[in-house]
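A structural walkthrough
Chain residues, written in single-letter form:
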Amino acid sequence: MAKLDETAKGVFIISVTPFTDAGVLDLESTDRMVDFYIEKGVTGFTLLGMMGEAPKLTMAESRSFVQRVLKRLNGRVPVVVGASSPGFASMAELTRAVMDDGAAGVMIAPPGTLKTDDQIVTYYENAVEAIGSDVPFVLQDFPQSTNVHMTAGVIARIIKGLPSCVMLKHEDWPGLAKLSALRAMSDLRRVSILVGNGGVFLPEEMERGADGAMTGFAYPEMMVDVVAAYQQGKPDRARDIFDAYLPLARYEQQPGPGLAIRKYVLQKRGVIASAALRKPGPKLSPLDIAETEKIIARQTKRLRDIG
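Before going into details, it helps to say that this report is about the structure given with it. Given the structure is predicted, the values throughout are model-derived calculations rather than measurements.

Helix and strand content of the chain: twelve helices and eight strands. The globule rule puts the C-alpha radius of gyration for 307 residues at 19 Å, and the 18 Å found for the chain is close to it. Referenced to the eigenvectors of the C-alpha coordinate spread, the extents of the chain come out at roughly 50 × 45 × 35 Å. Looking at the 307 residues of the chain, the share that counts as buried comes to 56%. Considering only contacts in the chain between residues 6 or more positions apart, those separated by 24 or more positions represent 74%.

Structure, rendered in structure tokens:
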């Protein structure tokens, strides 16, 4: 598999990690999930992300899951693996392993201990020294989770100083001015920018210069179709599609039960055998499920209406 580079675009799906009801890694569902995402048109995968329950996996399980996905994909699309860690030894170990297995690059989010611009830049310099400057990496800007606030200026410093930074995962809430500022910097090497947050700001982010999405949603075809419509110069069609899915995308972005809702819908769609999250994790109430079903029913009707 070729390494990730600055030309990446489309939809890199943040994959869930399937478990059985007993909390065991479900590799049969993993195969089915890979096929489903490919069928829906994704252009890449991101594994062991924050919505992939990565902290709940052992190193051996992480390797097993990544290897299973890579084997099933057989080089059809690139795979990015989340390698974020406060310590560089574990980051380097996982990075070496997954790159040897055939990953295209890794994603690195900053630890919450970083408070100043210089600390943030130094952290990424040290991270690249640890994993090797030959490994392409995605800079994840997700302040809602990390509590690290990166300005456009500090992101530009990292991109300028570290050629192996080939992509920004833009996941501020929504950080539209930051995205515009980065795209307006004429002296900045153009890197790929893919956006997160379940795609709830996807139309605005595409219009500000994003190249696509790197996030999860129980209906990945929404993001695929919206990005494709923008690429075809059809912004009104893109927004019609987006509007049809927005209620569920919004509902799925709840702090706490959001991933449980996503897994419930993926199970309902026949993608994974169990909607279980590995403990600790929330379970949906009957009312949560009823609300989800109501939203899906209205979504189905809306999609029929727009054709």
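Now that the structure has been shown, we can carry on.
Look at helix 3 (residues 88–101): 20 Å from first C-alpha to last across 14 residues, which is about the 20 Å you get at 1.5 Å a residue. Residues of helix 3 that are buried make contact with helix 2 (59–73), strand 3 (79–82), strand 4 (105–108) and helix 4 (117–131). Taken from the residues just after helix 3, Gly102 is the one with a positive phi, measuring 120°.

Here the structure, examined in full by the defined rule, presents nine aromatic pairs. A ring pair is formed by Trp173 and Phe201, whose centres lie 5.0 Å apart and whose planes are at 85°; its orientation type is edge-to-face. Here Trp173 is found in the loop between strand 6 (165–170) and helix 7 (176–184), whereas its partner Phe201 is found in the loop between strand 7 (192–195) and helix 8 (202–207), with 28 residues between them in sequence. Ring geometry for Phe217 and Tyr245: centres 6.3 Å apart, planes at 85°, overall edge-to-face. In this pair, Phe217 sits in the loop between strand 8 (212–215) and helix 9 (220–231) while Tyr245 sits in helix 10 (residues 235–252), placing the two residues 28 residues apart along the sequence. Tyr245 shares its class with Phe217; the two are buried. These aromatic residues form a ring-pair network of at least three members: Phe88, Tyr123, Tyr124 and Phe137.

Time to look at the pairing of strand 1 (residues 10–14). A large share of strand 1 lies buried, amounting to five of its five residues. Bridging between strand 1 and strand 8 involves four bridges; their strand directions are parallel. Among the inter-strand pairings, Gly10 is bridged to a residue of strand 8, identified as Gly212. Relative to strand 2 (residues 44–47), strand 1 is paired through three bridges, and the arrangement is parallel. Bridge pairing links Ile14 to Thr46 in strand 2. Once the chain exits strand 1 it traverses helix 1 (residues 27–39) before rejoining the sheet at strand 2, and the crossover so formed is right-handed.

It is the contact of helix 11 (residues 258–268) with helix 12 (residues 286–306), at a shortest axis distance of 11 Å, that shows an interaxial angle of 60°. In terms of their interaxial angle, helix 11 and helix 12 are classed as oblique. Read as a crossing pair, helix 11 and helix 12 show a hand that is right-handed. Contact with helix 11, carried on its side by Ile261, Tyr264, Val265 and Lys268, involves Ile289, Thr292, Glu293 and Ile296 of helix 12 and no other residues of that element. Partitioned by chemical class, the residues of the contact of helix 11 with helix 12 number five nonpolar, one polar and two charged.

In this model, Trp173 is joined to Pro174 through a cis peptide bond whose omega is -10°. Relative to the helices and strands, Pro174 resides in the loop between strand 6 and helix 7. Of note, the bond from Lys279 into Pro280 is cis; its omega dihedral lies within 30 degrees of zero at -5°. Tracing the chain through its elements places Pro280 in the loop between helix 11 and helix 12. Even without a glycine there, the phi angle at Leu48 is positive, about 60°. Relative to the helices and strands, Leu48 resides in the loop between strand 2 and helix 2. Not every positive phi belongs to a glycine, and Glu53 is a case in point at roughly 55°. When you line up the elements, Glu53 lands in the loop between strand 2 and helix 2.

What follows concerns the environment of Leu4. Looking at the secondary structure, you find Leu4 in the segment before strand 1. Classification of Leu4 as buried rests on a relative accessible area of 7%. As a C-alpha pair, Leu4 and Met99 span 95 residues in sequence and 11 Å in three-dimensional space. With near-sequence residues (within four places) excluded, Leu4 lies in contact with Phe12, Val80, Ala104, Pro136, Val138, Val166 and Met167.

Here we come to the pairing of strand 2. Here strand 2 shows no split at all, with Gly44 and Thr46 on one side and Phe45 and Leu47 on the other all buried. Summarising the sheet, strand 2 and strand 3 pair through three bridges and their orientation is parallel. If you follow Leu47 over to strand 3, its bridge partner there is Val81. Following the chain from strand 2 across helix 2 to the adjacent parallel strand 3, one finds a crossover that is right-handed.

What counts and how
- Residues numbered from 1 in each chain as written.
- Predicted model: local features only at pLDDT ≥ 70, side-chain atom pairs only at ≥ 80, totals over all residues.
- Heavy atoms only, no water.
- Helix = DSSP H or I, 4+ residues; strand = E, 2+ residues; numbered from the N terminus.
- Rg over C-alpha atoms; globule rule 2.2 N^0.38 Å.
- Buried < 20%, exposed > 50% of the residue type's maximum accessible area, 1.4 Å probe, protein only.
- Contact = heavy atoms within 4.5 Å.
- Expected span 1.5 Å × (residues − 1).
- Phe/Tyr/Trp six-rings, centres within 6.5 Å; stacked < 30°, edge-to-face > 60°.
- Pairing = 2+ DSSP bridges.
- Right-handed = clockwise from strand over helix to strand, strands pointing away.
- Axes fitted to C-alpha atoms, helices over the stretch in contact; angles between N-to-C directions.
- Parallel < 35°, antiparallel > 145°, perpendicular 65-115°, else oblique.
- Left-handed = near helix turned anticlockwise from the far one by under 90°.
- Nonpolar A, V, L, I, M, F, W, Y, C, P; charged D, E, K, R; others polar.

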